[in-house]
Amino acid sequence: MAVLHALTRTGLLVLSLIAAATGTAEPYVFTDAWTDLPAAQVTRGGFLRFPYGEVPRTFNPLLSLESNLIAGLNTDPSLGAATLGWRRPDDGTLEPRAAESWAISDDGLTLDVELRPELRWSDGTPITAKDYQTSFDLQQETDSLTARLELWTVESGRITLETTGERTLRFTFPGPDRLGLRAAVSLFPVPDHVFGEAHRTGGAVAVEGLWGTDTPPDELVFSGFMRLADLRAEERMILERNPYFGDWNVDAAGQPLPYVDGMSWTFMSPDTALTLFLTGELDGIRPRNLDDLGIINAAIADGLDAVVVESAYPIATTYFITFNWNLASDPFKQELFRDRDFRRAVAHLIDRETIIDLVHAGAGFPLTGTVHPMLSDWYHDGLDVPAYDPDAALALLEGIGYSGRDAAGYLIDSEGRRPGFTLVVAASTPFSVPVAAMVADSARAAGLDVRVQQVAFPLLVDLFASAGEDRGFEAMFLGFSVADAVWPFPDPVFACDGGSHVFNRSGECLYPTERLIDELVRRGRVTLDDDEARRIGHEIQELDLELGARIFVTVPAYHYVGHGRLAGEFPREMWNAMNGSGLFFLNSVR
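Residues numbered from 1 in each chain as written. Predicted model: local features only at pLDDT ≥ 70, side-chain atom pairs only at ≥ 80, totals over all residues. Heavy atoms only, no water.

1. Regarding the overall build of the protein chain
Consideration 1: Secondary structure summary: the protein chain contains 15 helices and 26 strands in total.
Consideration 2: Against the globule reference of 25 Å for 590 residues, the protein chain gives a C-alpha radius of gyration of 24 Å, in line with a compact fold.
Consideration 3: For the protein chain, the proportion of its 590 residues judged to be buried stands at 57%.
Consideration 4: Considering only intrachain contacts with a sequence separation of at least 6, the fraction spanning at least 24 residues in the protein chain is 71%. (Helix = DSSP H or I, 4+ residues; strand = E, 2+ residues; numbered from the N terminus. Rg over C-alpha atoms; globule rule 2.2 N^0.38 Å. Buried < 20%, exposed > 50% of the residue type's maximum accessible area, 1.4 Å probe, protein only. Contact = heavy atoms within 4.5 Å.)

2. Quick look at the sheet that holds strand β24 (residues 554-563)
Consideration 1: Pairing within the open sheet is antiparallel, and its three strands lie in the order β15-β24-β17. Unpaired on one side and paired on the other, β15 (306-314) and β17 (364-366) mark the two borders of the sheet. Within this sheet the neighbouring strands show an average axis-to-axis angle of 20 degrees, counted without direction.
Consideration 2: With six bridges connecting them, β15 and β24 associate as antiparallel partners. Following the sheet pairing, V309 is matched in β24 by Y560.
Consideration 3: Strands in contact with helix α6 (residues 290-301) are β15 and β24; relative to β15, the strand with the most contacts, it is inclined by about 155 degrees. (Pairing = 2+ DSSP bridges. Axes fitted to C-alpha atoms, helices over the stretch in contact; angles between N-to-C directions.)

3. Things to note about the nonpolar core
Consideration 1: L111, Y132, F171 and W487 are the most contacted members of the largest nonpolar core, which totals 159 residues.
Consideration 2: In terms of residue count, the dominant contributor to this core is helix α11 (residues 432-446) (seven residues).
Consideration 3: When residues no more than four places from it in sequence are discounted, the contact partners of F171 are L84, L109, T110, L111, V113, F136, W152, I159, T160, L161, A184 and L187.
Consideration 4: A273, I296, L304 and V561 belong to the second largest nonpolar core, which has twelve residues in total. (Core = buried A, V, L, I, M, F, W, Y, C linked by side-chain atoms within 4.5 Å.)

4. What to know about the state of the cysteines
Consideration 1: According to the stated counting rule, one finds one disulfide in the structure shown.
Consideration 2: Covalently, C496 is tied to C509 through a disulfide, its sulfur atoms 2.0 Å apart. Disulfide C496-C509: torsion about the S-S bond near 100 degrees, hence right-handed. Linking C496 in the loop between α13 (491-494) and α14 (512-525) with C509 in the loop between α13 and α14, this pair joins segments that are 13 residues apart in sequence. We note that C496, like C509, is buried. (Disulfide = S-S within 2.5 Å.)

5. What about the pairing of strand β9 (residues 160-165)?
Consideration 1: Pairing geometry for β9 and strand β10 (residues 168-172), over five bridges, is antiparallel. Bridge assignment links G165 to a residue of β10, and that residue is T168.

6. Remarks on the side chain of T134
Consideration 1: Mapped onto the fold, T134 is located in helix α2 (residues 129-138).
Consideration 2: Not counting residues up to four positions away in its chain, the partners in contact with T134 are V190, D192, F195 and G196.

7. Some words on the confidence of the model for the protein chain
Consideration 1: Of all residues in the protein chain, 95% attain a pLDDT of 70 or more, and the chain-wide mean is 92.
Consideration 2: Segment residues 2-24 is flagged for pLDDT under 50; beyond a separation of four residues in sequence, or across chains, it makes 85 contacts in the model. (pLDDT = per-residue confidence, 0-100.)

8. Topic: the packing of α14 against helix α15 (residues 530-547)
Consideration 1: The interhelical angle for the contact between α14 and α15, taken along N-to-C directions, is 160 degrees, at an axis separation of 10 Å. When the axes of α14 and α15 are compared, the pair comes out roughly antiparallel. Judged by the sense of rotation from one axis to the other, the crossing of α14 with α15 is left-handed. Contact residues: α14 offers T513, E514, L516, I517, L520, V521, R523 and G524, while α15 offers I536, E539, I540, L543, D544, E546 and L547.
Consideration 2: When its residues are assigned to classes, the contact of α14 with α15 shows eight nonpolar, two polar and five charged. (Parallel < 35°, antiparallel > 145°, perpendicular 65-115°, else oblique. Left-handed = near helix turned anticlockwise from the far one by under 90°. Nonpolar A, V, L, I, M, F, W, Y, C, P; charged D, E, K, R; others polar.)

9. Some remarks on the pattern of salt bridges
Consideration 1: All chains considered together, the criterion is met by 37 salt bridges.
Consideration 2: In this structure, R88 engages D90 in a salt bridge whose closest nitrogen and oxygen atoms are separated by 2.7 Å.
Consideration 3: The residue R167 makes a salt bridge to E114 at a minimum N-O spacing of 3.3 Å. Of this pair, R167 sits in the loop between β9 and β10 while E114 sits in strand β6 (residues 110-115); the two residues are 53 residues apart in sequence, bridging distant segments of the chain.
Consideration 4: Residue classification places R167 among the partly exposed positions, given a relative accessible area of 27%.
Consideration 5: For E114, a relative accessible area of 29% translates into the label partly exposed.
Consideration 6: Put simply, R88, D90, D91 and E95 are held in one network by salt bridges that share partners. (Salt bridge = Lys/Arg side-chain N within 4 Å of Asp/Glu carboxyl O.)

10. Considering the sheet that holds strand β20 (residues 420-426)
Consideration 1: Taken in spatial order, the five strands of this open sheet run β21-β20-β22-β16-β23, and their pairing is mixed. The sheet is open, and its two edges are formed by β21 (449-455) and β23 (550-552), each paired on a single side. Within the sheet, the average angular offset between the axes of one strand and its neighbour, ignoring direction, is 30 degrees.
Consideration 2: Two strands pair when backbone bridges link them, and strand β16 (residues 317-323) and β23 are joined in this way by three bridges, in the antiparallel orientation. Bridging from a neighbouring strand, T322 pairs with R550 of β23.

11. What about the pairing of strand β2 (residues 47-52)?
Consideration 1: By the alternation rule, side chains of β2 split into L48, F50 and Y52, which are all buried, and F47, R49 and P51, of which none is buried.
Consideration 2: The sheet contact formed by β2 and strand β14 (residues 262-267) spans six bridges and is parallel. Looking at the pairing, P51 lines up with T266 of β14.

12. Some thoughts on the packing of helix α8 (residues 340-347) against helix α10 (residues 390-399)
Consideration 1: Running from N to C, α8 and α10 point in directions that differ by 165 degrees, and their axes come no closer than 8 Å. Our classification of the angle between α8 and α10 gives roughly antiparallel. Handedness of the α8/α10 crossing: left-handed. In this structure, α8 uses D341, F342, R344 and A345 to contact α10, whose residues at the interface are A393, L396 and L397.
Consideration 2: A per-class count over the contact of α8 with α10 returns five nonpolar, no polar and two charged.

Here's what the structure looks like:
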């Protein structure tokens, strides 16, 4: 089963180090070395069945901020989306996918791309250079929700794109950029006959209104391996094979992909998913912990045809708690959340080892900072992370004026005000709620007035995306997909005006440390010397810990659970947090 990640999965090489790559008009071939079932042994057809947490908040690929199956069919190369290039799962090299070829100029500042002639949208309309140009242009809309300016901007200026022919494009880079090639070849198309036309007639507002979850499936088009056939609100999504995907994606025997006719993704709770898997009605699930695995293993002993791989790899996500610095409607809380000593006190109340033992049943890993441990070239293993220490937390809280107690036992200041927060968490993420509950229990035991508020995932994303001086939450527990291995400090997260600078969306830096991080991130992105870039990266991690705007918690292990009839996963040696365990379009039914 593929693992849904954001586009940070693509592109692992530096622009100035890439040689010109060439291709032919032949379809892209997925070799037998990438699957546990050779192409000659595959049975075509059939239907796969999986659980899904909640209805996505949007189908618009330019507005989706989260891991979203339907939007991902137009943005994520692991779902077959027609990004210009992708990262090979065997060796991590970057190569053309929807591009037939590309070539980089001698000075490294120009990338010429030629598209495959057989590219088609799921409605049969050709995918042309105009579709990529429209996607790029809409991501430059400064006053639009579709803007992704940080991705296309470096210190020396803006990356530009021009259409040079019906199937050709040219990127121009203003200067050195570690992420330049990754940004360029991760570009996905949007249908100009839909998005471009909406923009030409109604501007950015019209584009933002496209492809909500109430859009009839026959009005949506996709470049990935499936298309949406039916959506039954609060029930399930039915996907069917994109009939044009196989024109440019084939297996080692030359057979068009995908193999299966369709898939169902049913909205359900983890408890329901476990029950349906045990009765053979689902082909794969994501178990919550080792307790779920114990139940599944017992069923296997009683005859259930299933495969279990415990702790296959750590999930490629960094989970953290953050506080909202933009709460003008509550000056007391805003000042509290901006206080570094308050945030550090909360950090001393995070008992990572107990969370791993009780929530992840021992199958988890502590997080010390913004860089995932899997990125060993960048990971700073010398950070002085606040240890679980309630006494140290109380000393910090007393130092900022919370030395008294009220009748309920909560800390108070000289005006009788309680320090505390409401922690917003996605109700549908299996381990988020118990992790948040443990953090809240620990904080309350120390005297903080803390509550947990479970919300639907789409609402969490809306709160995360909110901007301005008064945003509608106090604290949030969420996770970011692992950043790019060539420079794992994305501008949207670290830049003070970044769209994912979640704790401060005022649009400007509020503190000197925050500003210094912003400057270092921009400097590191254009530093092509790897040793110097790593030095800057370590400094960023030290300053990020000093700022304490995000308190990193734990990451669970990924446990693979699949029905015995599910075939076509990667060979086990290719399983890792970046790859997942396979690609859906290589899956088949035994």
